[in-house]
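Here is what each chain is made of, one letter per residue.
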Amino acid sequence: MTFVAWQMLTGDRAKYLGLIFAIAFSTFLMSHQVSIFCGLMNRTSSQIDDVQDASLWIMDPKTQYLDETKALTDQDLYRIRGVQGIEWAVPLFKGTSRAKGPDGKFRGVILMGLDDSTLVGAPRKVVKGDWRALAEPETIAVDQTGYEFFFPGEPYTLGRTLDLNDRTVKIVAIIDSSAPFVNLPVFYTRYSQALQFVGRERNLMSFVLAKAAPGVSDAEACRRIADATGLKAVTANAFAWETIWYYIQNTGIPINFGITIAIALVVGTVVAGQTFYLFTVENLKQFGALKAIGVTNLVIVAMILMQAMIVGAVGYGLGISMTAAFFEVTQNNLDLRGFRLLPEVMLGTAAAVFLIVILASFVSVRRVVVLEPAVVFRG
Amino acid sequence: MNEAVICRSVVKNFGTGENEVKVLRGVDFDVHYGEMTFLVGPSGCGKTTLLSVIAGLLNATAGDLRVLGTDLAHLRNGKAVEFRRKNLGFVFQQFNLLPALTAAENAAIPLLAAGWNRRKAVDKAVTILEDLGLGHRVAAKPNQLSGGQQQRVAFARALIHEPRLVVCDEPTSALDADTGHHVMDLLRRIAVRPDRAVLVVTHDSRIFPFADRIAHMNDGLITNIEKNNEGELEHVA
Ligand SMILES: Nc1ncnc2c1ncn2[C@@H]1O[C@H](COP(=O)(O)OP(=O)(O)OP(=O)(O)O)[C@@H](O)[C@H]1O
Ligand SMILES: [Mg+2]
């Protein structure tokens, strides 16, 4: 009877395609929106993720997330360095500045100031040049977004200059930064120079980056720093999640995406359910004939569920392929970098589609199960 | 025993209380093996209801009913479905073929429902369709077939699993007179066998000559039974 179920389903081309489309549409919308949402939320912690040399972030105890900081003092830095079990600790500035191109074009930029002597926190994905050259005076590393903004369409060339707070600086490296949450270029320079590029702030120590000594766990190191200094010390991973959660809890972004996703779910269920129900109702006479002939309810339910599962699987496959194709096509687009289809999202969407299909076939199954086979004799 | 179906004082009511409709009011009626029995009577007298009760699609409210030696009233629901699948063949007024299946696949459904593999089932369906003169249309979908051809596919579906009782409700009323005559002629020749009974509900008097026995029904009761002796109708009960 598998064959019969398959033929019944695909025999009505228009309805079959309608069902597939409804499922594919919801699959695409859900997986696409969830992916963008995850990518966007992931961006909030990009500048944490890009720091690869330090595992500990130390900050003012009231700091909630990456983008709003209260400066630490030199005193704090020395006290941290004095904590037992800390191998080293260096300052990090994170702030914004304004850069001006040779033609006068200007733009706000995220400015990261790295410890002068160690350059801890320097980006490691370098497209052109060398981050170590930041040791030279009046130099910066810019990301691709920044370079392409100031020198659109031009090949990546080192040694070009920009103005930061009326000081001319030389580009010594072009880097591939993880996309920040605000769509701004990311520049790196030395800590001491960041002061000159920002100008107005007196103290620039947004964070202290540190590393635990061998044999001391990160958690233990954090606890010791907190005890000794009263500052907040967390691992990079924990701070990244704190930042992500801050944005989830304090912005309208999750709600907006949530609404789209819920609509995709509801529309998918209703359209698929409606079409599937109409499909079943139109075939009611046929199901009645099958029941009269001696096909059991169990087999008929299995037939309907099989039809629903086929529609679900094909629709899901189509929809998820569309999402995958979208991210494939856009992966080289700088504005959309970092957005991709996560396996978790694929799985979650599959579960949602399964739910849609079960809900959509539920009404149909009920209708057929209660159907009196005697109706086949009625005109 | 020569009776495929024995009805004694069969009663069927629909609804309860004030809405109760008494449709069968004590039917006494037999269907014999080796015969084609017609059940005739005015519209609304209860023919389809009686047919449904005999076919195990409806439960009788009261009375005794033995079909092929089995007491249907005491069959559990699941068993009744299995009983129908194995022992009954159905022909409906509106054919009720599945539009997405070919003629052969439609005819094969009772075998598919019994778990036959598709190839074997369809092969057997083709053989029967050839007997019914449809050998050249086995791959056609119902909407590519004429009414008479569709009804012949329905006959094939009703007979393929060699049921011992075939029930037909108004098999010719959707067909013109000539086609109706033709398909009844076919049905008679291919369906009637010594070990099988055929019950046909109709009010199409033009096909009465095909009956071995005609039971007249009125207002929920069998009023008169005639037997066909070489074209002469003879009153028996
Ligand atoms: N499920 C039901 N519920 C209530 N009443 C019903 C039901 N089925 C049939 N009836 C009633 O039973 C009576 C007999 O119906 P039935 O279909 O058996 O007549 P029939 O002899 O086959 O008529 P026709 O020649 O028009 O097909 C009708 O009055 C009908 O309204
Ligand atoms: Mg009727």
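Here the structure is a predicted model, which is why all the values come from computation and not from measurement. (Residues numbered from 1 in each chain as written. Chains lettered and ligands numbered in written order. Predicted model: local features only at pLDDT ≥ 70, side-chain atom pairs only at ≥ 80, totals over all residues. Heavy atoms only, no water.)

Chemist: Teacher, can you tell me more about unusual backbone geometry here?
Modeler: Trans is the common state for peptide bonds, and a negative phi is the common state for residues other than glycine. Residues and elements named next belong to chain A. With a phi close to 55°, Leu 119 is a non-glycine residue in the positive phi region. Unlike most non-glycine residues, Asn 165 shows phi in positive territory, near 50°. On the secondary structure map, Asn 165 appears in the loop between strand 6 (161-164) and strand 7 (167-175). The class of Asn 165 is partly exposed, set by a relative accessible area of 35%. (Helix = DSSP H or I, 4+ residues; strand = E, 2+ residues; numbered from the N terminus. Buried < 20%, exposed > 50% of the residue type's maximum accessible area, 1.4 Å probe, protein only.)

Chemist: How do you make sense of the domain arrangement of chain A when you look at a structure like this?
Modeler: A common measure of how large an interface is: the accessible area buried when the components associate. All names here are of chain A. Segmenting chain A into domains produces domain 1 (2-44 + 252-377) and domain 2 (94-205). Between domain 1 and domain 2, the C-alpha centre-to-centre distance is 48 Å. With eight residues of domain 1 at the contact, the number on the domain 2 side is 11 residues. Both sides together, the interface formed by domain 1 and domain 2 hides about 740 Å², and carbon and sulfur atoms give 56% of it. (Domains from an automatic or database assignment. Contact = heavy atoms within 4.5 Å. Buried area = accessible area lost by both parts, 1.4 Å probe.)

Chemist: Mind showing me how you'd approach the nonpolar core here?
Modeler: The tendency in soluble globular proteins is for nonpolar side chains to be buried side by side. Formed by 100 residues in total, the largest nonpolar core has its most connected members in Val 4 and Leu 290 of chain A together with Met 36 and Phe 38 of chain B. Among the elements that take part in this core, helix 2 (residues 13-43) of chain A stands out by supplying 11 residues, more than any other. The contact partners of Phe 38 of chain B, leaving out residues within four places of it in the chain, are Met 184, Val 200, Thr 202, Ile 207, Phe 208, Phe 210, Ala 211, Arg 213, Ile 214 and Ala 215 of chain B. Of all hydrophobic cores here, the second largest spans 41 residues; its members include Ala 289 and Phe 377 of chain A together with Phe 83 and Leu 199 of chain B. (Core = buried A, V, L, I, M, F, W, Y, C linked by side-chain atoms within 4.5 Å.)

Chemist: What is the right way to look at the packing of helix 10 (residues 284-293) of chain A against helix 12 (residues 343-369) of chain A in this model?
Modeler: Residue and element names in this part refer to chain A. Running from N to C, helix 10 and helix 12 cross one another at 50°; their axes reach a closest spacing of 10 Å. Relative to helix 12, the element helix 10 is oriented oblique. The interaxial crossing formed by helix 10 with helix 12 has right-handed handedness. Facing helix 10, whose interface residues are Leu 284, Phe 287 and Lys 291, helix 12 presents Arg 367, Val 368 and Val 369. Of the residues contributing to the contact of helix 10 with helix 12, the split by class is four nonpolar, no polar and two charged. (Axes fitted to C-alpha atoms, helices over the stretch in contact; angles between N-to-C directions. Parallel < 35°, antiparallel > 145°, perpendicular 65-115°, else oblique. Left-handed = near helix turned anticlockwise from the far one by under 90°. Nonpolar A, V, L, I, M, F, W, Y, C, P; charged D, E, K, R; others polar.)

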